[in-house]
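Structural overview for review
The primary structure of each chain is shown beneath.
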Amino acid sequence: MCHFAQRSSALSFPQICNVFWRFHHTSTSHLCSCSKTVGDEKYQDPLQLGRKDLKNLYEDIKKELLVSAAELKEMCDYYFDGKGKAFRPMIVVLMARACNIHHSNSKEVQASQRSVAIIAEMIHTASLVHDDVIDDANSRRGKRTLNQIWGERKAVLAGDFILSAASVALARIGNTTIISVLSQVIEDLVRGEFLQLGSKENENERFAHYLEKTFKKTASLIANSCKAVSILGCPDPKVHEIAYQYGKNVGIAFQLIDDVLDFTSCADRLGKPTAADLKLGLATGPVLFACQQFPEMNAMIMRRFSKPGDVERAWKYVLQSDGVQQTTYLAQRYCQAATREIRKLRPSPEREALVHLTEMVLMRDK
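Residues numbered from 1 in each chain as written. Predicted model: local features only at pLDDT ≥ 70, side-chain atom pairs only at ≥ 80, totals over all residues. Heavy atoms only, no water.

A look at the pattern of salt bridges
Tallying each qualifying case throughout the model produces 19 salt bridges. The salt bridge involving Asp188 is made with Lys216; its shortest N-O contact spans 3.6 Å. Taken as a pair, Asp188 in helix α10 (residues 176-197) and Lys216 in helix α11 (residues 203-233) lie far apart in primary sequence, 28 residues in all. Of the charged contacts in the structure, one is a salt bridge between Glu352 and Arg351, with a shortest N-O distance of 2.9 Å. Each member of the pair, Glu352 as well as Arg351, carries the same accessibility label: buried. (Salt bridge = Lys/Arg side-chain N within 4 Å of Asp/Glu carboxyl O. Helix = DSSP H or I, 4+ residues; strand = E, 2+ residues; numbered from the N terminus. Buried < 20%, exposed > 50% of the residue type's maximum accessible area, 1.4 Å probe, protein only.)

Here's what the structure looks like:
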């Protein structure tokens, strides 16, 4: 975990709450403004800046998934329909450009770096397919899940197939270091899922458990993908660490905001049912913070909200508490850490776009 997470998890939970309460009263004005310029080059929107490198992204993914079985092809095409946010590939190609410029002033993305972006999206999608089976989810990205349409067994196999195709694409890069870095992602995804299946009785251990699970299930993919493209574009280990730390902090912030949206966004906008985590028995950041104001939630957390009325009561407690605000402040801290890291690179439009992406993470509503 990042230095901030290590420091936070060493504190008692009341101390953690106090830290974020104090943070609420501090200024966040040092976050990047869209109107800034970098050197002689005006800042560009990340979505526009990365679009060139992401052109035909989903078509290229489908080429990696060439298969003769019609039903399996239909299942793969169902998720890779080109309507995803492509958030992870966007970060990866921007990081690739930023590192290339930092090292050699090259403004081009290498073919191997773009392959990492493709692989990251494939691993992410495979994990979503498997998650939906584990959670018995009904909807994802605003439409029915694979397991609801084709059944759990075929959905698991489809996820496995996407993951195997990503592994073949990874091997094709032909760099053992990159293979090692991205293989760590798959291990972390599995370990994160096991962490999610468990829970901690000790109140202070719960938050560290939650942050570790968040890193492994969400942030590891972004962190290691960023590290991979930095290795391909620059030999400096310090740059590799910058890329990794940026991806890790942004990834954790992304999931924290996702956990907030589970309580604040409507189901239509979010693309999946709200209160989904509570219904799965999961105590996310807003719940853990709310527990400080409503200690009676401890018993509900330990029984994973399994008694009738638990989900509804926990939902009300969270909204009556400052759990949503505290989780949002925590996400802001992680985004600030990401910004500090990426600013260590040489100025470029891509670097500033990565700074602005941290703002987009905080402001997103779906």
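Next, the rest of the story.
Observations regarding the confidence of the model for the chain
Mean pLDDT for the chain: 86, with 85% of residues reaching 70 or above. Within the chain, helix α18 (residues 323-342) carries the highest mean pLDDT (98), whereas strand β1 (residues 37-38) carries the lowest (40). (pLDDT = per-residue confidence, 0-100.)

A few points about the state of the cysteines
Taken as a whole and judged by the stated rule, the model has 0 disulfides. Looking at the unpaired Cys226, the closest cysteine sulfur is the one in Cys99, lying at 8.0 Å. Residue classification places Cys226 among the buried positions, given a relative accessible area of 0%. (Disulfide = S-S within 2.5 Å.)

Notes on the packing of helix α6 (residues 87-104) against helix α19 (residues 349-363)
Where α6 meets α19, the closest approach of the two axes is 8 Å, and the angle between their N-to-C directions is 150°. Considered as vectors, α6 and α19 are oriented roughly antiparallel to each other. Where α6 crosses over α19, the handedness of that crossing is left-handed. Counting all contacts with α6, which are made through Phe87, Met90, Ile91, Leu94, Met95, Arg97, Ala98 and Ile101, the residues of α19 involved are Glu350, Arg351, Ala353, Leu354, Leu357 and Val361. (Axes fitted to C-alpha atoms, helices over the stretch in contact; angles between N-to-C directions. Parallel < 35°, antiparallel > 145°, perpendicular 65-115°, else oblique. Left-handed = near helix turned anticlockwise from the far one by under 90°. Contact = heavy atoms within 4.5 Å.)

Focus: α19
Since the α-helix advances by 3.6 residues per turn, residues separated by three or four positions end up pointing in the same direction. Spanning 15 residues, α19 covers 21 Å between terminal C-alpha atoms, matching the ideal 21 Å at 1.5 Å per step. Within α19, 13 of the 15 residues are buried, which leaves it mostly tucked inside the rest of the structure. (Expected span 1.5 Å × (residues − 1).)

Description of the packing of aromatic side chains
Scanning the entire structure with this criterion turns up 7 aromatic pairs. Geometrically, the ring pair formed by Tyr78 and Tyr79 is stacked, given 6.1 Å between the ring centres and 25° between the ring planes. Given the relative accessible area of 3%, Tyr79 is considered buried. With centroids separated by 4.6 Å and ring planes inclined at 25°, the aromatic side chains of Phe87 and Phe254 adopt a geometry described as stacked. (Phe/Tyr/Trp six-rings, centres within 6.5 Å; stacked < 30°, edge-to-face > 60°.)

Observations regarding unusual backbone geometry
Backbone phi values are negative for most residues with the exception of glycine, while trans is the configuration of most peptide bonds. Of note, the phi angle at Asn56 is positive, near 65°, even though the residue is not glycine. Looking at the element boundaries, Asn56 is found in the loop between α3 (46-54) and α4 (57-64). Its identity is not glycine, yet Ala86 carries a phi of approximately 50°, on the positive side. Relative to the helices and strands, Ala86 resides in the loop between α5 (70-79) and α6.

Structural notes on the environment of Thr214
Tracing the chain through its elements places Thr214 in helix α11. Considering only alpha carbons, one finds Thr214 and Leu189, 25 residues apart in sequence, at a separation of 9.9 Å. Non-local contacts of Thr214, meaning those with residues more than four positions away in its chain, are made with Ala219, Ile252 and Gln255.

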